[in-house]
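# Close look at the chain arrangement
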Amino acid sequence: MNPPVALTIAGSDSGGGAGIQADLKTFAALGVFGTSAITALTAQNTVGVRGVHAVPAEFVLAQAEAVLEDLPVAATKTGMLATAGIVHAVAKLAAAGRLPSLVVDPVMVASSGDRLLEPAAERLYVAELLPHATVVTPNLVEAEVLVKGSIGTLAEQREAAVALGALGPSVVVVKGGHAVSDAAGEAVDVVWDGSTIHELRAPRVDTPNNHGTGCTFASAIAAGLAKGLAVTEAVTAAKTYVQRAVTAGARWSLGAGHGPLDHFA
Ligand SMILES: Nc1ncnc2c1ncn2[C@@H]1O[C@H](COP(=O)(O)OP(=O)(O)OP(=O)(O)O)[C@@H](O)[C@H]1O
Ligand SMILES: Cc1ncc(CO)c(N)n1
């Protein structure tokens, strides 16, 4: 029997911890056949991003269309989209109904603090892409940019999830991996499912190895959707998967900065 197929539209991380490399490992670990359209090359390691070489939007489309016209893609995920031109091109594909079960991870800044998205592209996420998303998975900083407000408390994290829901996605997850207000030592993500809000909680793993947590989480959601899970089931399963990968990756010391997760734990 054929495996389910998923497509990631994202950037390459030469260091192997985030981006396309994390997405394809996550798909493979979860039994999904991964395909990719690469939006940018990054010269990157666990310490930081040394350079970004964006792919022309037309060639991102050419990659996506080559995959979509030949393979039975059941779910899609976007990560680093780099430029306004790429966000616009991907949004047009989505608007045409070509990107099934779309998980949008609105990547803006790397864990090292380096920018991965042109500032001019931020408003296009809101205006063009989010209306077509099945799930959107901003971290706290990305959620602040998208809703134009600051998030300092769990109540504000919940309000942001509802506000993002009004922009069109079916389900919103505001990730709290980097939350500073969290005294209980938990990584708390807030999920708005279209009508109600709930929280996903897991013990925060005390480790510098958190490079690619966001990419891994969004890809795991797309893998679940490709396998036919309901959206909230896919989100819950993805949280369990990322927790396992962070826990196992904490035993590693790869690189001098934010090390990678163990995707095959
Ligand atoms: N130290 C940790 N321990 C447990 N779970 C974590 C930890 N850090 C992040 N997570 C979880 O990983 C998932 C991704 O969240 P996070 O907020 O780190 O995303 P992100 O900022 O987009 O990641 P990235 O650094 O890859 O851009 C969430 O479910 C979050 O709760
Ligand atoms: C290519 C790429 N995508 C996403 C992230 C966010 O973790 C990163 N650091 N690099």
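Residues numbered from 1 in each chain as written. Chains lettered and ligands numbered in written order. Predicted model: local features only at pLDDT ≥ 70, side-chain atom pairs only at ≥ 80, totals over all residues. Heavy atoms only, no water.

## Points about the overall build of the protein
Within the protein, the regular secondary structure consists of eight helices and nine strands. Seen through its C-alpha atoms, the protein measures out along the principal axes to roughly 50 × 40 × 40 Å. Counting contacts in the protein only where the partners sit at least 6 residues apart, residues at least 24 apart contribute 68% of the total. Working note: accessible area of the protein is about 10800 Å², and carbon and sulfur atoms make up 57% of it. (Helix = DSSP H or I, 4+ residues; strand = E, 2+ residues; numbered from the N terminus. Contact = heavy atoms within 4.5 Å. Areas by Shrake-Rupley, 256 points an atom, 1.4 Å probe, with all protein chains shown as cover.)

## Focus on the site of ligand 1
Ligand 1 sits among 18 residues. The nearest are Lys175, His178, Asp189, Val205 and Thr213. At 2.8 Å, a backbone N or O of valine 205 approaches a nitrogen atom of ligand 1. Here an oxygen atom of ligand 1 sits 3.0 Å away from a polar atom, N or O, in the main chain of glycine 214. For ligand 1, whose accessible area on its own is 630 Å², the fraction buried by protein is 95%. For the shell around ligand 1, the elements supplying multiple residues, two or more each, are β8 (186–192), α7 (213–226) and α8 (231–249). Residue composition of the shell around ligand 1, by class: five nonpolar, nine polar and four charged. (Near = heavy atom within 4 Å. Polar contact = N/O pair within 3.5 Å; in protein donor to acceptor, adjacent residues only side chain to side chain. Nonpolar A, V, L, I, M, F, W, Y, C, P; charged D, E, K, R; others polar.)

## Focus on α8
Compared with an ideal rise of 1.5 Å per residue, which puts 19 residues at 27 Å, α8 spans 27 Å between its outermost C-alpha atoms and is within 8% of the ideal. All buried positions along α8 are accounted for by Ala234, Val235, Ala238, Lys239, Tyr241, Val242, Gln243, Ala245, Val246, Ala248 and Gly249. Each element contacted by the buried residues of α8 is listed here: α1 (19–29), β7 (171–174), β8, β9 (197–203) and α7. (Expected span 1.5 Å × (residues − 1). Buried < 20%, exposed > 50% of the residue type's maximum accessible area, 1.4 Å probe, protein only.)

## A word on the packing of helix α5 (residues 140–147) against helix α6 (residues 154–165)
At a minimum axis separation of 10 Å, α5 and α6 run at an interaxial angle of 50 degrees. Compared by their axis directions, α5 and α6 come out oblique. The chirality of how α5 crosses α6 is left-handed. Contacts from Leu140, Ala143, Leu146 and Val147 of α5 reach α6 at Gln157, Ala160, Ala163 and Leu164. A per-class count over the contact of α5 with α6 returns seven nonpolar, one polar and no charged. (Axes fitted to C-alpha atoms, helices over the stretch in contact; angles between N-to-C directions. Parallel < 35°, antiparallel > 145°, perpendicular 65-115°, else oblique. Left-handed = near helix turned anticlockwise from the far one by under 90°.)

## Quick look at the site of ligand 2
Taken together, Gly11, Ser12, Ala18, Gly19, Gln44, Met80, Val107, Ala110, Leu116, His211 and Cys215 make up the full set of residues adjacent to ligand 2. Here glutamine 44 contributes a side-chain N or O atom positioned 2.8 Å from a nitrogen atom of ligand 2. If ligand 2 stood free it would expose 280 Å²; the protein chains cover 94% of that surface. Of the residues that constitute the shell around ligand 2, the class distribution is six nonpolar, five polar and no charged.

## Quick word on the pattern of salt bridges
Inspection of every chain in the model, using the stated rule, returns 10 salt bridges. The salt bridge partner of aspartate 23 is lysine 77, with a shortest N-O separation of 2.9 Å. Separated by 54 residues along the polypeptide, aspartate 23 in helix α1 and lysine 77 in strand β4 (residues 73–78) bring together distant segments of the chain. Exposure class is identical for aspartate 23 and lysine 77. Each is buried. The shortest N-O distance in the salt bridge between glutamate 199 and arginine 201 comes to 2.8 Å. A single network of salt bridges, built from pairs that share partners, joins Arg158, Glu186, Glu199 and Arg201. (Salt bridge = Lys/Arg side-chain N within 4 Å of Asp/Glu carboxyl O.)

## Remarks on the confidence of the model for the protein
In the predicted model, the protein carries a mean pLDDT of 96, and the fraction of residues at 70 or more is 98%. The ipTM for the predicted assembly is 0.98, set against a pTM of 0.98. (pLDDT = per-residue confidence, 0-100.)

## Concerning the pairing of strand β2 (residues 33–44)
Of the pairings in the sheet, the one linking strand β1 (residues 5–13) to β2 comprises eight bridges and is parallel in character. Paired with valine 5 across the bridge in β2 is phenylalanine 33. This β-α-β element, β1 to α1 to β2, shows right-handed connectivity. As paired elements, β2 and strand β3 (residues 49–54) share five bridges and run antiparallel to each other. Looking at β3, one finds that threonine 42 is bridged to valine 52. Remark: four residues form the turn of the hairpin made by β2 and β3, two consecutive strands paired antiparallel. (Pairing = 2+ DSSP bridges. Right-handed = clockwise from strand over helix to strand, strands pointing away.)

## Observations regarding α6
The first and last C-alpha atoms of α6 sit 17 Å apart over 12 residues, in line with the 16 Å expected at 1.5 Å per residue. Of all the positions in α6, only Gln157, Ala160, Ala161, Leu164 and Gly165 are classed as buried. On an axial view of α6, the arc spanned by its buried residues comes to 140 degrees, and they lie on one face. Residues of α6 that are buried in the fold lie against α5, β7 and β8. (Arc of directions from axis to C-beta.)

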